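Each chain, written out:
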Amino acid sequence: MAETTKTATLTFEGKTIELPVHSPSVGPDVIDIRKLYAQGDIFTYDPGFTSTAACDSTITYIDGDKGELLHRGYPIEQLAEKSHFLEVCYLLLYGELPTAAQMEDFETRVTRHTMVHEQMHNFFRGFRRDAHPMATMVGVVGAMSAFYHDSTDITDPWQREVAAIRMIAKVPTIAAMAYKYSIGQPFVYPRNDLDYASNFLRMCFAVPAEEYQVDPILSRAMDRIMMLHADHEQNASTSTVRLAGSSGANPFACIAAGIACLWGPAHGGANQACLEMLREIGTVDRIPEFIARAKDKDDPFRLMGFGHRVYKNFDPRAKVMKQSADEVLGLLGIENNPTLQVAKELERIALEDEYFVSKKLYPNVDFYSGIILDAMGFPTSMFTPIFALSRTVGWISQWKEMIGDPALKIGRPRQLYIGQTRREYVDVEGR
Ligand code: SDX
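Cut-offs and rules
- Throughout, a residue's number is its position along its own chain's written sequence, starting from 1.
- Totals for whole chains, interfaces and linings use every residue, but because this is a predicted model, local features are given only for residues with pLDDT of at least 70 and side-chain atom pairs only at 80 or more, for both listing and counting.
- To obtain the side-chain values, all non-hydrogen atoms of the structure were included, while hydrogens and water were left out.
- Only DSSP runs of H or I reaching four residues or more are called helices, and only runs of E reaching two or more are called strands; each is numbered from the N terminus.
- Note that the radius of gyration is over C-alpha atoms, with the globule rule given as 2.2 Å times the number of residues to the power 0.38.
- Relative accessible area decides the class of each residue, using a 1.4 Å probe on protein chains only: under 20% of the type maximum gives buried, over 50% gives exposed, and in between gives partly exposed.
- Contacts between residues were defined by any pair of non-hydrogen atoms, one from each residue, lying within 4.5 Å.
- Note on areas: these come from Shrake-Rupley sampling with a 1.4 Å probe, and a residue is covered only by the protein chains present in the view.
- Two residue types count as positive, namely Lys and Arg, and two as negative, namely Asp and Glu; His and chain ends fall outside the count.
- All charge positions are set by atom: Lys at NZ, Arg at CZ, Asp at CG, Glu at CD.
- What makes a residue near a molecule or strand is one non-hydrogen atom of that residue sitting within 4 Å of it.
- What qualifies as a polar contact is a pair of N or O atoms within 3.5 Å, subject to a donor-acceptor requirement within protein and to the restriction that residues adjacent in sequence count only when both atoms come from side chains.
- Residues are grouped as follows: nonpolar covers Ala, Val, Leu, Ile, Met, Phe, Trp, Tyr, Cys and Pro; charged covers Asp, Glu, Lys and Arg; every other residue, Gly included, is treated as polar.
- Each aromatic pair joins two rings of Phe, Tyr and Trp (for Trp, the six-membered one) with centres within 6.5 Å, and gets the label stacked for planes under 30 degrees apart, edge-to-face for over 60, and tilted for any other angle.

Colleague: Help me understand the overall build of the chain, please; the structure alone is not making it clear to me.
Modeller: On a plain count of helices and strands, the chain comes out with 18 helices and six strands. The C-alpha radius of gyration computed for the chain amounts to 23 Å, which stays within 12% of the reference 22 Å derived for 431 residues, consistent with globular compactness. Along the longest, intermediate and shortest principal axes, the C-alpha atoms of the chain span 75 × 65 × 55 Å. Across the 431 residues that make up the chain, the buried fraction comes to 48%. Counted over contacts in the chain with a minimum sequence separation of 6, partners at least 24 positions apart contribute 68%. Here the chain displays about 21300 Å² of accessible surface, and carbon together with sulfur accounts for 53% of that area. Once the 44 positive and 55 negative side-chain charges of the chain are each reduced to a mean point, those two points are 4 Å apart.

What follows is the structure in structure tokens.
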């Protein structure tokens, strides 16, 4: 727990309440209001949780003003340059960078869980071929609860560990199966001789008719995209996983809830919406029209991939993603990709526009990721599933941290009720 040496005083209608203030290892202090209702018969009010810390955590720290993102203290820029996704998974799950032996053991455990129960193949048959892969993923990941009964007892640390490994290992397989099913191609089984990112690419793009060679450029880019999406403090989908987990729901059901929440265009669905927006803009000369729409209060249109609840400076992931887009499209010989040119010009114009500057709206993680995924051959419908499979380690790490906390309580917010006060039933004749 954080240090508690200070207090805050709340004075309201003649009552004075002393509230403890906890100081973090870094970041803002928090006023502990857990006793507020009991002592003061009053709630706090914070729709959207703009000023509310829902938990304490040791996993990820974000400084929105500095544009800083740390995983267990390590800056995302250093991890993106020097680490790889499975090593970041180990770091998020266990808190330290692994030794070579620990990494080898972890990679072996994950690799040996990448296949799904053969019976799960039948689940896909129940979906229409044109179902959005996120719909399929929500259903099939939730159904894991019906298969892996030996890792659903959340009171057993070993079962929690097995569930975490299974989730990290199997969600890419399920995402690839959702893609294959949507394009009418046969499922491709994972291979134990491939690294995590290469395995995913092969499960998506290999066909029985010929050997599939993993392009190292694409594999490295895929691994980096996974790293950049791995965890992000208490975002909407992580908070969903925590709230679901606080009731004691099994981990597979909790991750399915996180996938459902991530799907929204304001959250993980923004990568698909952003590329579709860039394609709709089409050419640089149409950018002013869309900038004007984004600024128009009467127009619900927003620049997808722009803005963030926490970052009021550049999203550090967007900077790495932009570099990666330049690198990957250059190596693929498509550096003149019109969508990339529109994205760069849109960013330049927006960041010089008073509206975006005053509201501190910068490109976020979703602004450039779709350009890379599109260049790699993925349809836009697969962008959010790739975000989901990458974020699974963050969700399950945050879930494990919460479930392992002896002070865990079920999450149960209150409300500001503004509806009808008590009134008596009126028979239909009297209405
Ligand atoms: C992710 O939380 C996380 O960490 C999420 C995430 C993660 O890794 O888990 O980082 C991943 O979800 C990134 C965000 C992806 N979403 C988008 O790119 C969709 C477009 N962006 C927005 O809808 C918006 O910026 C949010 C949802 C991301 C943040 O919304 P907030 O914090 O609730 O801010 P807001 O909606 O109150 O906006 C503040 C002002 C408003 O204007 P005013 O009412 O104050 O006049 O900024 C405006 C908004 O209208 N604004 C935008 C805008 N985003 C905010 N105007 C135009 N275009 C935008 N993109």
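Here the narrative resumes, following the displayed structure.
Colleague: Explain helix 17 (residues 366-375) here, please?
Modeller: Since the α-helix packs 3.6 residues into each turn, any two residues three or four apart lie on the same face. Counted residue by residue, helix 17 has eight buried out of ten residues, so it is predominantly covered. All of the buried residues in helix 17 are Asp366, Phe367, Tyr368, Ser369, Gly370, Ile371, Ile372 and Leu373. Buried residues along helix 17 sit against helix 9 (216-228), helix 12 (270-281), helix 14 (316-331), helix 15 (338-350) and helix 18 (383-403). Once helix 17 finishes, glycine 377 follows within two positions and takes phi at roughly 105°, a positive value.

Colleague: Can you help me understand the site of the ligand in this one?
Modeller: Surrounding the ligand, one finds 24 residues, the nearest of these being His232, Leu303, His308, Arg309 and Arg317. Between the ligand and the protein, one listed contact pairs an oxygen atom with a side-chain N or O atom of lysine 359 at 2.8 Å. About the coverage of the ligand: the protein hides 77% of its 1000 Å² of free accessible area. The residue makeup of the shell around the ligand, split by class, is ten nonpolar, seven polar and seven charged.

Colleague: When you look at helix 10 (residues 236-246) in this model, what are you seeing that I'm missing?
Modeller: Restricting attention to buried positions, one finds in helix 10 the residues Ser237, Thr238, Val241, Arg242, Gly245 and Ser246. Along its buried surface, helix 10 packs onto helix 11 (251-262) and helix 18. Downstream of helix 10 by one or two residues, glycine 248 has phi in the positive range, about 95°.

Colleague: In this structure, what is going on with the packing of aromatic side chains? I would like to understand it.
Modeller: Centre-to-centre distance and the angle between the planes together describe a pair of aromatic rings. Under the criterion given, the structure shown has 19 aromatic pairs. With a centroid separation of 5.8 Å and 70° between ring planes, the pair formed by phenylalanine 123 and phenylalanine 147 is classed as edge-to-face. With phenylalanine 123 in helix 5 (residues 121-125) and phenylalanine 147 in the loop between helix 6 (133-143) and helix 7 (157-182), this pair connects stretches of sequence that are 24 residues apart. For phenylalanine 123, a relative accessible area of 33% gives the class partly exposed.

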